[in-house]
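Structural overview for review
Take a look at the letters that make up each chain.
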Amino acid sequence: MRYLYKLLAVLVMSAVFSLPSLAVENNCQSCHADWEDEGGPASMWDGDIHKEVGLTCADCHGGDPTLEDMDEVRQGRSYVGVPKTVAIPNFCGRCHSDPSYMKKFNPSVATDQLDKYWTSIHGQLNEQGDAQAATCVSCHSVHSIQPAKIPSSSVYPMNLPGTCAECHANPIYMKPYDIPTDQYDKFVGSVHGRQLLEEEDLGAPACNDCHGNHGAAPPGLDNISAVCGTCHARQAMLFAESPHKEAYAKAKLPQCETCHSNHDIIQPIDEMVGVGEKAFCARCHDADSDSKGFETAAAISDLLDSLVRIERMAEATIDEAEIKGMSVDNERFALKDVRSALVESRTLIHSFDLEKVKPEAEKGMQLAAATHLRGLDIIEDYYFRRKGLAISTIIITLLAIVIWIKIKRFDNS
Amino acid sequence: MEKSSIKRRSFLNWFLGGGVIAWLGTVSYPVFKFMKPPEIPEADQSQVTACTFAELKASENKYKTFKFGRKLGIVVLLEGDQLRAYEATCTHLDCTVQYRPDLNILWCACHNGKYDMTGRNIAGPPPRPLEQWQTHHDEATDNIYVSKGEEV
Amino acid sequence: MAGMKTIGAKLYDYIDERVKIKELVEYMGSKVVPKHGHSIWYYFGGLSLFFFIVQVMSGILLLLYYRPGADSAYESVKFIITTVEFGWLVRSVHSWSANLMVLMVFIHMFSVYFTKAYKKPRELTWLSGMALFGLSLFFGFSGYLLPWNELAFYATKVGTGMAGAVPFIGDFILQLMRGGSEVTGATVTRFFGWHVAILPAAFTVILTVHLILVQRQGMSEPEGWANKPVSEKLYMPFFPSFLLRDLLLWLIALNVLAVLAVLFPYGIYPFHWELGIKADPFLPPPLVIRPEWYFMFAFQTLKMIPALVMGIEGEILGIFGFSIAGLIWAIVPFIDRSKPGSIKAKLFLIFGLCAVGFILVMTIIGYLVE
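Report follows, based on the coordinates. Here, residues in each chain are numbered from 1, in the same order as that chain's written sequence. All chains are assigned letters beginning at A, and all ligands numbers beginning at 1, according to the order in which they are written. In keeping with the predicted nature of the model, local features appear solely for residues at pLDDT of at least 70, side-chain atom pairs appear and are counted solely at 80 or more, and the whole-chain, interface and lining totals rest on all residues. Calculated side-chain values reflect all of the structure's heavy atoms, with hydrogen atoms and water omitted.

Assigned secondary structure in chain C consists of 14 helices and six strands. Overall, chain C is about 70 × 60 × 35 Å in size when its C-alpha atoms are taken along their principal axes. In chain C, which comprises 370 residues, the share counted as buried stands at 46%. Whether two residues are in contact is decided by their heavy atoms: any pair within 4.5 Å suffices. Taking the contacts inside chain C whose residues are at least 6 apart along the sequence as the reference set, 75% of them involve residues at least 24 apart. Each accessible area value is a Shrake-Rupley result obtained with a 1.4 Å probe; residue values ignore everything except the protein chains displayed when judging cover. Carbon and sulfur atoms make up 74% of the accessible area of chain C, which amounts to about 19000 Å² in all. Comment: elements are numbered from the N terminus, with helices defined as DSSP H or I runs of at least four residues and strands as E runs of at least two. When a residue's accessible area, from a 1.4 Å probe over protein chains only, is under 20% of the maximum for its type it is buried; when over 50% it is exposed; and in between it is partly exposed.

Once that is clear, we can look at a nonpolar patch on the surface. Residues and elements named next belong to chain C. A grouping of Leu-124, Leu-127, Phe-320, Ile-324, Leu-327, Ile-328, Ile-331, Phe-334 and Ile-335 is seen on the molecular surface, where their side chains present a nonpolar patch of about 770 Å² in accessible area. Mapped onto the nonpolar patch, the elements with two or more residues apiece are helix H6 (123-145), helix H12 (314-330) and helix H13 (332-335). When residues of the nonpolar patch are assigned to their parent elements, the largest contribution, four residues, is made by H12. When you line up the elements, Leu-327 lands in helix H12. Note on Leu-327: relative accessible area 53%, which makes it exposed. Only residues above 30% relative accessible area that lack a salt bridge enter a patch, with like-charged residues linked at up to 9 Å and the nonpolar side chains Val, Leu, Ile, Met, Phe, Trp and Tyr linked at up to 5 Å. Here a salt bridge means any side-chain nitrogen of Lys or Arg lying within 4 Å of a carboxyl oxygen belonging to Asp or Glu.

Moving on, we come to the interface of chain A and chain B. If you look at the interface, chain A gives 24 residues, while chain B gives 22 residues. When two parts are brought into contact, each loses some accessible area as probed by a 1.4 Å sphere; the total of that loss over both is the buried area. Between chain A and chain B, the buried area comes to about 2000 Å², and carbon and sulfur atoms account for 67% of it. Per-residue buried area on chain A facing chain B is highest for Phe-333, Leu-399 and Arg-409 of chain A; these three make up 26% of the total on that side. Definition of a polar contact: a pair of N or O atoms within 3.5 Å, with one able to donate and the other able to accept a hydrogen when the atoms are protein atoms, and with sequence-neighbouring residues admitted only if both atoms are side-chain atoms. Counting across the chain A and chain B interface gives four residue pairs in polar contact (both at pLDDT 80 or more). Where the side of chain A that touches chain B is concerned, the elements lending two or more residues are helix H18 (233-240), helix H23 (329-348) and helix H24 (354-412) of chain A. Here the term charged refers only to Asp, Glu, Lys and Arg, the term nonpolar to Ala, Val, Leu, Ile, Met, Phe, Trp, Tyr, Cys and Pro, and the term polar to all other amino acids, Gly among them. Class assignment for the residues of the side of chain A that touches chain B results in 12 nonpolar, seven polar and five charged.

Turning our attention to helix H7 (residues 150-164) of chain C. Residue and element names in this part refer to chain C. One less than the residue count of a helix, multiplied by 1.5 Å, gives the span that helix is expected to have. Given a rise of 1.5 Å per residue, 15 residues ought to cover 21 Å, and the 21 Å separating the end C-alpha atoms of H7 matches this to within 8%. Buried residues of H7: Glu-150, Ala-152, Phe-153, Tyr-154, Ala-155, Thr-156, Thr-160, Met-162 and Ala-163, and no others. Elements that come into contact with the buried residues of H7 comprise H6, helix H8 (170-178), helix H9 (185-217), helix H11 (296-304) and H12.

Residues and elements named next belong to chain B. By definition, two strands form a pair when at least two bridges between them are found by DSSP. Sheet architecture is open: six strands sit in the order S1-S10-S9-S4-S3-S2, paired in antiparallel fashion. Each having just a single partner strand, strand S1 (47-52) and strand S2 (63-68) make up the two edges of the open sheet. The average angle at which neighbouring strand axes cross in this sheet is 30°, direction not considered. As a rule, the C-alpha atoms of each element are fitted with a line to give its axis, helices using only the stretch in contact, and angles between N-to-C directions run from 0 to 180 degrees.

Here we come to the interface of chain C and chain A. Listed per partner, the contact involves 20 residues of chain C and 20 residues of chain A. When chain C packs against chain A, the two sides together hide about 1800 Å² of surface, and 69% of this comes from carbon and sulfur. Along the contact surface separating chain C from chain A lie three residue pairs in polar contact (both at pLDDT 80 or more). At the level of secondary structure, the elements contributing two or more residues to the side of chain C that touches chain A comprise helix H4 (73-82) and helix H10 (238-263) of chain C. With 13 residues, the single largest contributor to the side of chain C that touches chain A is H10 of chain C.

All names here are of chain C. Under the pairing criterion, centres of Phe, Tyr and Trp rings, with the six-membered ring standing for Trp, must be within 6.5 Å; the plane angle then separates stacked pairs below 30 degrees from edge-to-face pairs above 60, leaving the rest tilted. Within the structure shown, the criterion is met by 42 aromatic pairs over all chains. Judged by centre distance (5.9 Å) and plane angle (85°), the ring pair of Phe-141 and Phe-295 falls under edge-to-face. Of this pair, Phe-141 sits in helix H6 while Phe-295 is found in the loop between strand S4 (271-272) and H11, placing the two residues 154 residues apart along the sequence. The class of Phe-295 is partly exposed, set by a relative accessible area of 21%.

It is worth spelling out the pairing of strand S9 (residues 132-137) of chain B at this point. Sheet topology note: the strand S4 (residues 82-87) of chain B/S9 of chain B ladder contains two bridges and is antiparallel. Residue Ala-85 of chain B lies in a different strand from S9 of chain B, and its bridge partner there is Trp-133 of chain B.

Here it is, written out as structure tokens:
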């Protein structure tokens, strides 16, 4: 019974909501829905942003939707039908590059997508008539286009890497272009990929945050730090003021990428700095030919190592005190400050200047040392408590014995 | 016999007295230590004094940082002597935000997150505005009190 | 020594001249305590008193720093245990002593029940004892919330919620206890008032009555002694023999308390009172919501009763059952006028054994099923 009511309600509601479209008489929709299998334009159309703002098939594909005969429609002057693949950008651009038209739907919407597209690698290939090159529909889908802020959209930040990967991770598809196809796999394991896809942090970058979206292209050698610097601003600023900027430009080395790589950026480790086996510095700065760079690298690395070591020591002391059941809340709080000094020191590495790293690292070391001493005091207090307990227990026990003797004495008398 | 018994008893009484005194000592030592107020003032968690209004007004960029329990806070003076206080922790990954004089914004160095002086997240990864605290300017003492009231 | 005695005697005379204590001292001097196989049970009342005194003292110390309220209760307790010197010890002593006091009260009550010491003329002593027992539990319940931590918050929510299930007046009681319809900062303030003002005042008055009654009536003698010839009855003087033994036991209790408080400042599983995280009504409740151990049997019983028993709500039925059993327990001196060895006497023995067995079994199940 309840079910019937629901059904009735749905029927009535859908009748009410479909009234306006009935009034326009959209024969495209009704005929295509009859002919097509699931997955055709007529069935995908629900949820498309264009439908939501009130557009119909004819607004893109032309033709007169009031006509019932297909052939008559095709002969109509306005009929466009299905655009050729290479023609799609201009097909969409008819509206999307027209600010006065777009304003009707969303006054703040961007209308520069097509212009940017022509600057992208995709757009340049398209101009050469390459039907394989991505067009609007490659990323946005054909008939179920949704804005990027909707979680089910193909260009929602968390879905975007998968969307790009549909072509870029396909070796057969990418074969004509002779570029790698492992970017997606690398990205998924990278610090950015994990933050975006596993932690679901929408602030973490997807492909487009570094490469651009409509103007997608790999960043140039010199402007990598500008790309990374949109988020890692401190590091970029420090790098820009460092001697490395000029040196890298001369040696044609990509800026951040030289040490951090690109798609598979991992959480940096301290061993990357210094002159050890895993260290990057020693690849260019060797002890004989470039003793100054070599020494600076070694000194910075030493500073970091000391800070990390002393931080661990303090942490271990506090842990021990905590395991002993002592409360160490204040000391844990101090350890947070040590940690932020360490993070700051690691950031300052990008100045490649010992004099900049040193004060911060030393500040952290002093704090860590003080915390370590506090921890030792707390552990000492733990033993002090037990000593105090022992003393008072002995005193109380002695008193008890005296009273026991007194009781015996009275019992005997 | 009689004498030694009396001697023993008086020895026992001395022992009893000494024991009681020692016991009182072990009890009163921690008690008096406990009663002595610690040097660190009691952390009044519901309200802190950030600074005085004059100090804030005299400061170059019209902002002051302060400690609120275990959190760092920042109090700013907006146009028209309007007071605002925020928890100086970025809403992205909990880094500490700082004032950037060149841009007149609150800035998180970790991932270039930017907040305007009203605490709104205006650029970068921060998903939300800064946590806002309540302020109260006491005219008599000129102190600015900050509290974590529920209504903001 | 001789000089000291005269000073003592002079002081005695000075006081006696003014408040007439000679009779009282003579009365105390002639007081005796029966000596027999079950004399040990006489000491548990004294031990309860000892822990109560410790509670008063450590409680007064905690009052120096504790501040009730949703914004300050947790913070001030944290301040006490992290920053104040020996603060950890005072809180630990207060918590341990509270639990030991309740334990001693339980033992004292059951020993009186099973030795039938409640019989005429001690009906009023029993009644005042029952009042003290109830107040002790209320002391524990109200004190548990004061640190305003997560565990206490939910235990109090559940505990007061049970009172709310009482028909007709339940909602009023719940509002009265919580100071509103929810457990909030207002509840802390309210519980604090109960814990440090109302309960101690009531407890002190009733305890005084209880002690005066005990002193007036003397220790109850075992039932079998009624037919014994006087020559076979053994006694020891209350002063100093019994008092010294009491003192000895108090010292041992103090020792045990000190060891427990220093070595286990947060209790031992499953009786612990770690501060944990601050109460936050918006956080999901912890996996284990546990009342204090002396409420566990009631908590577990109410959990196990089916939601609906013969058309009556299970929880109401449970509370009703506890109320009836508690009432019978409280008025037992008035309904048990049986002769030793009679069937009626055995019935009361069985009732007592059932109560102990029920409490033990339910408590154990309570800890096993969580």
